[in-house]
Every structure is written in structure tokens, then in C-alpha cells.
Amino acid sequence: DSVAPGRGFKCSQCTKVLKKIKALAGDDPDEDAVAAALQKGCRLLGRSMGRRCQKFVKKYKDQITEGLQNGDMPQDICAAVGFCRS
């Protein structure tokens, strides 16, 4: 896997995607709200970014869902999946 922890670009992209998804999911999301936000969030990013977003979301869906339901910050979720340094 080409994902290196703490890589600036990967980290900022991950954080950007998750901020958007977190905003769409709301403050206390259930699993359905998170799933809907994951779908919608990637579509809002445009075509090429959206495609990468879909792959990312598919691969890390469980961690993202759990993180959002626990109220974790996007940066923390990205660190948990190895995109950012914690």
C-alpha cells in the first residue's frame, strides 16, 4: 500500500474528506446517517477526487463509521487509518 503515515498531502486530503463527511453526517450520527454522508461526501468532491474518495471510503468504512459515531475529529480518524501522524 502506498500510504505513508504523516505524508502531508494524504493527511490533508483525508482530513478534508472527513470534515465534509462529518458535517453531512451531523452531530450524533447513526450508521445510516454516516453511510449516506459517505456517499454524498465523495460526490461533492468532483470526479477525480471523488473516485479516490470512494476507494478510501470503501476500504476504511468501518473505521470511519466508528470514528464518526464516537465523535472523533477528522484528524484523529485519519491518524487511526494511517494517513496522518497522531
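About the criteria used
Residues numbered from 1 in each chain as written. Predicted model: local features only at pLDDT ≥ 70, side-chain atom pairs only at ≥ 80, totals over all residues. Heavy atoms only, no water. Disulfide = S-S within 2.5 Å. Helix = DSSP H or I, 4+ residues; strand = E, 2+ residues; numbered from the N terminus. Phe/Tyr/Trp six-rings, centres within 6.5 Å; stacked < 30°, edge-to-face > 60°. Buried < 20%, exposed > 50% of the residue type's maximum accessible area, 1.4 Å probe, protein only. Patch = residues over 30% accessible without salt bridge, like charges linked within 9 Å, V, L, I, M, F, W, Y side chains within 5 Å. Areas by Shrake-Rupley, 256 points an atom, 1.4 Å probe, with all protein chains shown as cover. Salt bridge = Lys/Arg side-chain N within 4 Å of Asp/Glu carboxyl O. Lys, Arg positive; Asp, Glu negative; His and termini not counted. Charge placed at Lys NZ, Arg CZ, Asp CG, Glu CD. Core = buried A, V, L, I, M, F, W, Y, C linked by side-chain atoms within 4.5 Å. Contact = heavy atoms within 4.5 Å.

Caption draft 1: Representation of the state of the cysteines within the structure. Enumeration according to the criterion identifies three disulfides in this entry. Between Cys14 and Cys78 runs a disulfide, and the two sulfur atoms are separated by 2.0 Å. Sign of the S-S torsion, about -95° for the bond between Cys14 and Cys78, identifies this disulfide as left-handed. Of the two residues, Cys14 sits in helix H1 (residues 8-25) while Cys78 sits in helix H4 (residues 74-80), which places them 64 residues apart along the sequence.

Caption draft 2: Quick peek at the packing of aromatic side chains. Here the structure, examined in full by the defined rule, presents three aromatic pairs. Ring plane angle 50° and centroid distance 5.4 Å describe the contact between Phe56 and Tyr60, whose orientation is recorded as tilted. Of the two residues, Phe56 and Tyr60 are both situated in helix H3 (residues 47-69); the distance of four residues between them amounts to about one turn of the helix. Both residues of the pair, Phe56 and Tyr60, count as buried. Owing to a relative accessible area of 10%, Tyr60 belongs among the buried residues under this scheme.

Caption draft 3: Geometry of a positive patch on the surface. A contiguous patch of positive charge on the surface is contributed by Arg47, Arg51, Arg52 and Lys55. The residue Arg52 is located in helix H3 in this model.

Caption draft 4: How the structure looks around the nonpolar core. Core analysis: the largest hydrophobic core is formed by 23 residues, its most contacted members being Val17, Leu18, Ile21, Phe56, Val57, Ile64 and Phe83. When contributions to this core are tallied by element, the ones reaching two or more residues are H1, helix H2 (31-43), H3 and H4. For this core, the leading source of residues is H3, giving seven residues. With residues near it in sequence (within four places) discarded, Val57 still touches Ile21, Leu38, Cys42 and Ile64.

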